[in-house]
Amino acid sequence: MASHIVGYPRMGPKRELKFALESFWDGKSSAEDLQKVAADLRSSIWKQMSSAGIKYIPSNTFANYDQVLDTTAMLGAVPSRYNWSGGEIGFDTYFSMARGNATVPAMEMTKWFDTNYHFIVPELGPDTKFSYASHKAVNEYKEAKALGIDTFPVLVGPVTYLLLSKPAKGVEKSFSPLSLLGKILPVYKEVISELKAAGASWIQFDEPTLVKDLDAHQLQAFTQAYTELESTLSGLNVIIETYFADVPAEAFKTLTALKGVTGFGFDLVRGSKTLDLIKGGFPSGKYLFAGLVDGRNIWANDLAASLSTLQALEGIVGKDKLVVSTSCSLLHTAVDLINETKLDDEIKSWMAFAAQKVVEVNALAKALAGQKDEAFFSANAAAQASRKSSPRVTNEAVQKAAAALKGSDHRRATNVSARLDAQQKKLNLPILPTTTIGSFPQTMDLRRVRREYKAKKISEEAYVSAIKEEINKVVKLQEELDIDVLVHGEPERNDMVEYFGEQLSGFAFSANGWVQSYGSRCVKPPIIYGDVSRPKAMTVFWSSMAQSMTARPMKGMLTGPVTILNWSFVRNDQPRFETCYQIALAIKDEVEDLEKAGINVIQIDEAALREGLPLRKSEEAFYLDWAVHSFRITNCGVQDTTQIHTHMCYSNFNDIIHSIIDMDADVITIENSRSDEKLLSVFREGVKYGAGIGPVLETNILWVNPDCGLKTRKYAEVKPALTAMVSAAKLLRKEL
Ligand code: GLN
Ligand code: ZN
């Protein structure tokens with residue numbers, strides 16, 4: 001009866017770790033206080049899994065900041081600027097690498113595969129020295145053992161670690177971190193030996209890069225690494241864990257041929273093709289860790305379906321070699337449904353957060369072993385059936401409208417240069433027009449007003465008048481600064497996705513469904529459970545109020561469908577694009593209502609468009625096609641004179657420039673403050689494709705704006721920055 005969990009959320013059910021970390025960083029509590037909170041969390045997680053009946057319980061998946069940074073610490077690969085003097089790495093050096101300190105900036109952070117988790121990118125060069133400098137993996141193993149729990153230590157695998165690293169400053173172009181494999185393996189050997197000595201009988205190496213497009217040289221590194229580790233690993237059961245997608249056929253071949261490895265873990269939720277590979281040939285005598293319980297969403301598992309998959313797999317790998325597992329670490333889902341007081345019982349019955357997923361894994365393992373908990377399975381089947389047939393989920397009109405979109409194209413009738421001419425006649429803007437991205441600084445007062453209104457502590461009238469006053473202040477400020485296209489400042493919004501989700505049908509919101517984004521930061525994604533529709537206008541009231549306060553153009557401000565989709569927990573009972581088209585139709589109605597209300601400039605933010613890019617090249621085109629189509633659907637119905645802006649907060653889209661052009665927006669505002677004009681060359685490149693981006697550089701439509709919203713800034717920095725921005729634009733206008 002074997003059950004296994006790939007990894008577990010660290011933050012705690014009420015974000016205990018977040019508050020402990022932040023209090024420690026603020027100097028309000030001691031290192032011991034932090035260690036105590038962390039140890040309590042680990043202990044409760046281990047005990048919970050143990051009492052649920054899980055056989056293979058992970059350790060070392062906890063991290064005070066990030067598991068990749070933990071690996072950097074384990075290897076002693078501290079960049080020299082942190083002046084680490086050797087020995088065991090403590091909080092000082094660890095958190096300096098994570099967050100910077102008074103004198104040195106932090107290491108770079110980037111997204112962990114296609115999740116919203118961010119890891120600290122190792123910086124490695126030919127001179128990087130490695131030493132065994134953090135005994136955390138062994139310490140955690142012993143800590144659990146002292147509690148009577150024999151765990152499954154987890155390490156980021158050596159090849160994945162190097163493939164996720166970047167070359168250190170100065171050797172960016174010439175150095176491949178993978179060449180350091182021979183230098184880091186000795187440290188891995190020390191760790192493995194110590195774990196063995198401490199009594200570990202299993203060890204898990206997370207090698208998720210195996211799901212990416214790897215070349216022969218990179219694949220060869222896996223063979224080299226595990227061949228070299230083989231003798232150290234002997235006497236241990238070793239599993240190589242992959243997740244987030246299927247493993248390509250070549251990688252599957254390499255992986256299953258690795259020496260010294262006892263078992264393999266696969267994501268069978270996102271990696272349905274892996275199932276075929278397994279059916280086509282799985283090495284005899286090896287363990288299969290079947291990741292059937294989804295670690296990336298909040299939906300209850302379809303236990304009957306999973307059980308039948310497991311039974312099929314059992315025929316291939318044998319009863320004693322099949323282990324039921326999660327598709328990936330549960331780090332990427334919410335912690336515990338038990339703390340949800342806002343969600344109603346019906347919706348709750350459709351869901352499983354991490355704590356519930358642990359129970360599901362165990363129930364499947366028991367059922368496979370012939371000890372099926374009939375009551376649990378039938379309750380699950382009833383919940384699956386109720387979700388399928390619930391009128392809260394299905395809205396036939398929406399289904400029909402979304403289905404009608406497929407196969408046909410949606411774009412504005414006139415080309416972008418003609419539209420820009422028509423818009424200029426109406427808007428009459430100077431060259432290098434100035435604008436901002438949307439939000440203005442959000443003060444404590446403002447947050448309090450919103451909170452009190454939500455809690456019904458102040459009347460609607462009082463709320464509207466407070467927000468109106470704020471909008472008026474922001475409008476007056478922009479007029480004083482002489483900005484050309486104004487915004488209302490978004491004072492009524494606490495989050496650019498939640499604000500829309502709360503007004504759309506088909507969305508639910510958890511009270512504690514937090515997921516770690518990076519370090520102590522968590523996000524609470526909205527949950528899309530049903531067909532999406534827009535009962536009534538969402539932004540027209542505030543935007544037209546703002547427009548009435550000024551003679552200058554007021555920009556309407558919307559979040560685009562792809563961003564709403566990518567920053568939510570989405571349905572798993574229909575394809576993502578289906579849900580995206582539904583959201584696009586709702587936003588389309590909003591765009592058209594804004595236009596009718598006299599708003600001539602509308603910005604549709606797609607901050608998260610790039611984030612949704614699949615892990616594999618072969619799947620990119622399909623995603624970009626429906627994502628860009630969804631964006632175009634939102635504004636294909638407006639008049640030529642209505643100017644559509646979009647905003648994206650990144651500049652590294654050299655690879656998706658085609659798609660950005662194909663969005664067919666009139667104005668694209670992007671982050672260029674940190675990218676050394678790389679962007680301009682990208683756009684010059686764009687001109688070659690002959691798409692509507694040309695005029696942006698060739699004629700008078702280069703816009704001047706900050707790189708993102710100003711929500712988290714203070715007026716003390718915003719005012720001088722915007723003043724400088726406007727003066728610079730005016731200066732340039734004289735010169736042009
Ligand atoms: N309009 C949003 C704002 O200004 C955009 C935020 C974003 O791009 N992340 O806050
Ligand atoms: Zn932005």
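This structure is a prediction, so every number in the text was calculated from the model and none was measured.

Some thoughts on the pairing of strand β5 (residues 152–156)
Item 1. In terms of burial, β5 is a largely internal element, five of the five residues being buried.
Item 2. Residues of β5 alternate between two faces, with F152, V154 and V156 on one and P153 and L155 on the opposite face, all of them buried.
Item 3. Two elements, β5 and strand β7 (residues 202–206), share three bridges in a ladder whose sense is parallel. What sits directly across from V154, in β7, is Q204.

Examining the site of ligand 1
Item 1. Taken together, 13 residues are adjacent to ligand 1, and I437, G438, S439, A607 and G709 come closest.
Item 2. Across the shell around ligand 1, the residue classes tally to six nonpolar, four polar and three charged.

Points about the sheet that holds strand β11 (residues 322–326)
Item 1. Read from one edge to the other, the open sheet built from seven strands follows the order β1-β5-β7-β8-β9-β10-β11, with strand pairing classed as parallel. With one partner strand each, in any of the chains shown, β1 (58–59) and β11 form the two edges of the open sheet.
Item 2. Bridging between β7 and strand β8 (residues 237–241) involves five bridges; their strand directions are parallel. Pairing of D206 across the sheet is with E241, part of β8.

Structural notes on the sheet that holds strand β19 (residues 667–670)
Item 1. Across the sheet, which stays open at both edges, the four strands sit in the order β16-β17-β18-β19 with parallel pairing between neighbours. Bordering the open sheet on either side are β16 (555–559) and β19, each of which pairs with just one other strand. If you compare each strand with its neighbour and ignore which way they point, the axes differ by 25° on average.

With respect to the pairing of strand β9 (residues 263–267)
Item 1. Most of β9 is tucked away, with five of its five residues classed as buried.
Item 2. Burial of the side chains of β9 extends over both faces: G263, G265 and D267 are buried on one face and F264 and F266 on the other.
Item 3. Strand direction decides the pairing type here: β8 and β9, joined by three bridges, are parallel. By the bridge assignment for β9, I239 is matched with G263.
Item 4. With helix α9 (residues 249–256) bridging β8 and the parallel β9, this β-α-β connection has right-handed handedness.
Item 5. As judged from the five bridges shared by β9 and strand β10 (residues 287–293), these two strands associate in the parallel manner.

Notes on the packing of helix α7 (residues 181–198) against helix α8 (residues 216–233)
Helix packing geometry: the angle between the two helix axes and the distance between the axes.
Item 1. Two elements in contact, α7 and α8, have axes separated by 10 Å at closest approach and are oriented at 35°. In the packing of α7 onto α8, the handedness of the crossing is right-handed. Contact residues: α7 offers L181, L185, Y188, K189, I192 and S193, while α8 offers A221, Q224, A225, E228, L229, T232 and L233.
Item 2. For the contact of α7 with α8, the class distribution of residues is eight nonpolar, three polar and two charged.

How each quantity is defined
- Residues numbered from 1 in each chain as written.
- Chains lettered and ligands numbered in written order.
- Predicted model: local features only at pLDDT ≥ 70, side-chain atom pairs only at ≥ 80, totals over all residues.
- Buried ≥ 20, exposed ≤ 12 C-beta atoms within 10 Å, placed from the backbone.
- Helix = DSSP H or I, 4+ residues; strand = E, 2+ residues; numbered from the N terminus.
- Pairing = 2+ DSSP bridges.
- Near = placed C-beta within 6 Å.
- Nonpolar A, V, L, I, M, F, W, Y, C, P; charged D, E, K, R; others polar.
- Axes fitted to C-alpha atoms, helices over the stretch in contact; angles between N-to-C directions.
- Right-handed = clockwise from strand over helix to strand, strands pointing away.
- Left-handed = near helix turned anticlockwise from the far one by under 90°.
- Contact = placed C-beta atoms within 7 Å.

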